[in-house]
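# Close look at the chain arrangement
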Amino acid sequence: MKYTRSEGEMGSEPKWTPWIWRGRRGLQSSPPPPTVLGAAISVGGVQSQSITVDRQMRRYEVPRVAFINKLDRMGADPWKVLNQARSKLRHHSAALQVPIGLEDDFKGLVDLVQQKAYYFHGSSGEKVVIEEIPADMENFVAEKRRELIEAVSEVDDKLAEAFLNDEPISPSELEEAVRRATIARKFVPVFMGSAFKNKGVQPLLNGVLSYLPCPTEVSNYALDQTKNEEKVTLSGTPNGPLVALAFKLEEGRFGQLTYLRIYEGVIRKGDFIHNINTGKKIKVPRLVRMHSDEMEDIQEAHAGQIVAVFGVDCASGDTFTDGSVKYTMTSMNVPEPVMSLAVQPVSKDSGGQFSKALNRFQREDPTFRVGLDAESGQTIISGMGELHLDIYVERIRREYKVDATVGKPRVNFRETVTQRAEFDYLHKKQTGGQGQYGRVTGYVEPLPPGSPTKFEFENMIVGQVIPSNFIPAIEKGFKEAANSGSLIGHPVENLRVVLTDGASHAVDSSELAFKLASIYAFRQCYGAARPVILEPVMLVELKVPTEFQGTVAGDINKRKGVIVGNDQDGDDSVITANVPLNNMFGYSTALRSMTQGKGEFTMEYKEHSPVSNDVQMQLVNTYKGTKAAE
């Protein structure tokens, strides 16, 4: 599971607008969508946000086109931005358009491929008028078209052959060559315009269709759940079995609207589809194609299309098939949350909206959990890190208009035992009527490393010293006791409880008596088993410019991190480290300060590992102080 924070200019609008799909459930089994656009400002140029987002696009091997925006602004210079993209982002790129005028005189664009001039009339630039190239621009346009052909020829053999032979290159030949080079990620076509006034937006959308890959040109993979999540290549045609991914949920006027991306096969209105994640069989009551906020009812949809369905109860990331295959597009393994926050609405009147928001977010994201603290009565939200929870708190405020107070983030520590310890406890109580009597004898010990379970109970009693109907109550008692260790009150993991002996009373023994005996027996022997505290350790991958490598590595060491890898990627250093989550609070701000906003990091859960003795003492003393204050 990864959550990425790209460090750019705080408070400023993004200089690039990427559509990047991150896998929420561990491994992402299908590649990100190919239609990725970058928007650079013609005045500000390529800035640190542009650099970090471009780095993500390279990591996910996404073909892209660039768009230089705001040509109507004072000081606009698209050629300066293009040169910056080549030097800072190392893009092999060239302009596909030339502006007709700049700043207040920006009137339209000349298409270098089709060799036509486009003018945008109307209040919103909605009327596109195509004319011949202005006479005073012909020489400049010819020079820029030659530059474009040269740039594409360097990465496309077919066009290079025609270029070297001095053959005339037709618009269709040049368009095909640009498409081949873009899909191969060897070239980035650059468009221009002013998005606010809709000047250049229509040619940009045409460019998405002309130069970026369609669904059948991309390899998509599913995970076969019958073969231990083995990768299966999907054909992307309507002929195969239905495979569709629910990638977005929306609260509509008529209930939950589920957006589906169809990877293979056909979905029809009235069909029965199977949710592989939940095992439920569902009928498709209504199928719609979305046009912004308008819906068009359709009878069927094929591979490559995005549609929406009503009345389907599912979570984001669920995969639907026709039942003939058991494929999922994302891994079924959901990691345990590593961080928690206490949240509560400021106003009691907004409790309904608050609950509605939390329920929806749980459906959207299986790594987001909601619970109730039994002692304080507070609502506790848990997730995969600080940024993850911050986003959901902000969404509660923005989407549901509920102001929430947020407690201090709490790292999900665990406790475990390190050696075997015996227990022998007799719970005896006389209350005038039927009493309570139960005795349990045995031992607790740590589970071997790599054990698939976190708690194991074994009954090794020979004979009927404890009637068999009380054994489940004893197991329940030990499980309940293990929910809260005595060091800092966190759950105890990797624990094996073995029951070897005990005693019962014909009248006074009951399930409650043996459950209580188990709880007290666990507390009695827990200290002798030398318990330790486990903290979540995160696998952190940083990508920073080489000049900041020493500063960043020093900061990781200060946070008690262990650097396990250091590689070079162009002008960037890639540092891999294992860092305790408890020391990663506020790291995004710190990294931004150290790297002038040019650094980025991803963080995923690795394991729970024992804390050092000084940290353990500090945590135990803090816990005792909190309990004493209560």
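In this text, all values refer to a predicted model and were calculated from it rather than measured experimentally. Along each chain, the written sequence defines residue order, and numbers are assigned to residues from 1. Where totals are concerned, whole chains, interfaces and linings use all residues; where local detail is concerned, this predicted model gives features only for residues with pLDDT of at least 70, and gives and counts side-chain atom pairs only at 80 or more. To obtain the side-chain values, all non-hydrogen atoms of the structure were used and water was disregarded.

## A word on empty space enclosed by the protein
Rule in force here: Within this scheme a cavity is a closed region of a 1 Å grid, computed over the protein atoms alone, that accommodates a 1.4 Å probe without allowing it to escape, whereas a pocket is open but has protein on both sides within 12 Å along at least five of seven lines; lining residues each have an atom within 4 Å of a point. Grid points are joined across faces, edges and corners, and a volume is the space filled by probe spheres set on the points. Numbering of helices and strands starts at the N terminus; helices are DSSP runs of H or I of at least 4 residues and strands are runs of E of at least 2. Three categories are distinguished: nonpolar for Ala, Val, Leu, Ile, Met, Phe, Trp, Tyr, Cys and Pro, charged for Asp, Glu, Lys and Arg, and polar for the others, with Gly belonging to the last.
Following the criterion strictly, the structure yields three cavities of 30 Å³ or more and no others. In this model, the second largest cavity occupies a volume close to 40 Å³. When contributions to the lining of the second largest cavity are tallied by element, the ones reaching two or more residues are helix 2 (78-88), strand 4 (93-95) and helix 3 (138-153). Considering only residue class, the lining of the second largest cavity consists of six nonpolar, no polar and three charged.

## Quick word on the sheet that holds strand 5 (residues 97-100)
The line we're drawing: One bridge is not enough; two strands pair if DSSP finds at least two bridges between them. Angular values range over 0 to 180 degrees, each being the angle between N-to-C directions of two axes fitted as lines to C-alpha atoms, with helices fitted over their stretch in contact.
The sheet built from four strands is open, its strands ordered 5-6-7-8 with antiparallel pairing. Each edge of the open sheet carries a strand with a single partner, namely strand 5 and strand 8 (127-131). Averaged over all pairs of adjacent strands, the angle between strand axes in this sheet comes to 25 degrees, irrespective of strand direction. In the sheet, strand 7 (residues 116-121) pairs with strand 8 via five bridges, with the strands oriented antiparallel. Bridge assignment links His-121 to a residue of strand 8, and that residue is Lys-127.

## What about the pattern of salt bridges?
Let me state the cut-off plainly: The salt bridge criterion pairs a side-chain nitrogen of Lys or Arg with a carboxyl oxygen of Asp or Glu, the two atoms within 4 Å.
Tallying each qualifying case throughout the model produces 22 salt bridges. One salt bridge in this structure joins Asp-297 and Arg-286, with 2.9 Å as the shortest N-O distance. Residue Asp-297 is found in strand 18 (residues 294-297), and its partner Arg-286 is found in the loop between strand 16 (281-283) and strand 17 (287-291); the two are separated by 11 residues along the sequence. A salt bridge links Glu-296 to Arg-289, with the shortest nitrogen-to-oxygen separation between them at 3.5 Å. When salt bridges that share partners are traced, they join Arg-360, Arg-395, Arg-398 and Glu-399 into one network.

## Re the packing of aromatic side chains
Here is the rule we go by: Between 30 and 60 degrees the pair is tilted, below 30 it is stacked and above 60 it is edge-to-face, where a pair is any two Phe, Tyr or Trp rings, Trp via its six-membered ring, whose centres lie within 6.5 Å. Each residue gets one of three labels from its accessible area relative to the maximum for its type: buried under 20%, exposed over 50%, partly exposed in between, using a 1.4 Å probe on protein chains only. Placement of a positive charge over a ring is assigned whenever Lys NZ or Arg CZ falls within 6 Å of the ring centre and within 35 degrees of the normal to the ring plane.
A full pass over the atoms with the stated rule returns 13 aromatic pairs. A centroid spacing of 6.2 Å and a plane angle of 45 degrees characterise the contact between Phe-191 and Tyr-211, whose relative ring orientation is tilted. With Phe-191 in strand 9 (residues 188-192) and Tyr-211 in helix 6 (residues 201-211), the pair connects residues that are 20 residues apart, well separated along the chain. On the accessibility criterion, Tyr-211 (5% relative accessible area) is buried. Measuring from ring centre to ring centre gives 6.3 Å for Phe-457 and Phe-478, while their planes differ by 35 degrees; the resulting arrangement is tilted. With Phe-457 in strand 31 (residues 455-459) and Phe-478 in helix 9 (residues 471-482), the pair connects residues that are 21 residues apart, well separated along the chain. Residue Phe-478 is classed as buried on the basis of its relative accessible area of 0%. An aromatic cluster of at least three residues, connected via ring pairs, comprises Phe-361, Phe-368, Tyr-392 and Tyr-400. When the ring centre of Tyr-221 is taken as origin, the NZ or CZ atom of Lys-231, which lies over that ring, is 4.9 Å away. Above the ring of Tyr-259, the side-chain terminus of Lys-248 is found at 5.0 Å from the ring centroid.

## As for the UniProt feature "binding site: GTP" (unreviewed entry) in the protein chain
Keep this limit in mind: UniProt positions are given in the numbering used here, feature names are shortened, and annotations may be inferred rather than shown by experiment.
UniProt marks Asn-69, Lys-70, Leu-71 and Asp-72 with the feature "binding site: GTP" (unreviewed entry), using the numbering shown here. Take Asn-69: it is sitting in strand 3 (residues 64-69). The class for Asn-69 is buried, based on a relative accessible area of 12%. Mapping Leu-71 onto the fold places it in the loop between strand 3 and helix 2. Looking at Leu-71, the relative accessible area reads 0%, which means it is buried.

## Structural notes on the UniProt feature "domain: Elongation factor EFG" (unreviewed entry) in the protein chain
The feature "domain: Elongation factor EFG" (unreviewed entry), as annotated in UniProt, sits at residues 532-619 in this numbering. Helix makes up 28% of residues 532-619 and strand 48%, and the two end C-alpha atoms of the span are 11 Å apart.

## Structural notes on unusual backbone geometry
With glycine set apart, most residues show a phi of negative sign, and most peptide bonds adopt trans. In this structure, Lys-70 is a non-glycine residue whose phi angle is positive, near 60 degrees. Tracing the chain through its elements places Lys-70 in the loop between strand 3 and helix 2. Looking at Lys-70, the relative accessible area reads 17%, which means it is buried. Within the chain, Arg-530 stands out as a residue other than glycine whose phi angle is a positive 50 degrees. Mapped onto the elements, Arg-530 comes out in the loop between helix 10 (511-526) and strand 33 (531-545). Owing to a relative accessible area of 55%, Arg-530 belongs among the exposed residues under this scheme.

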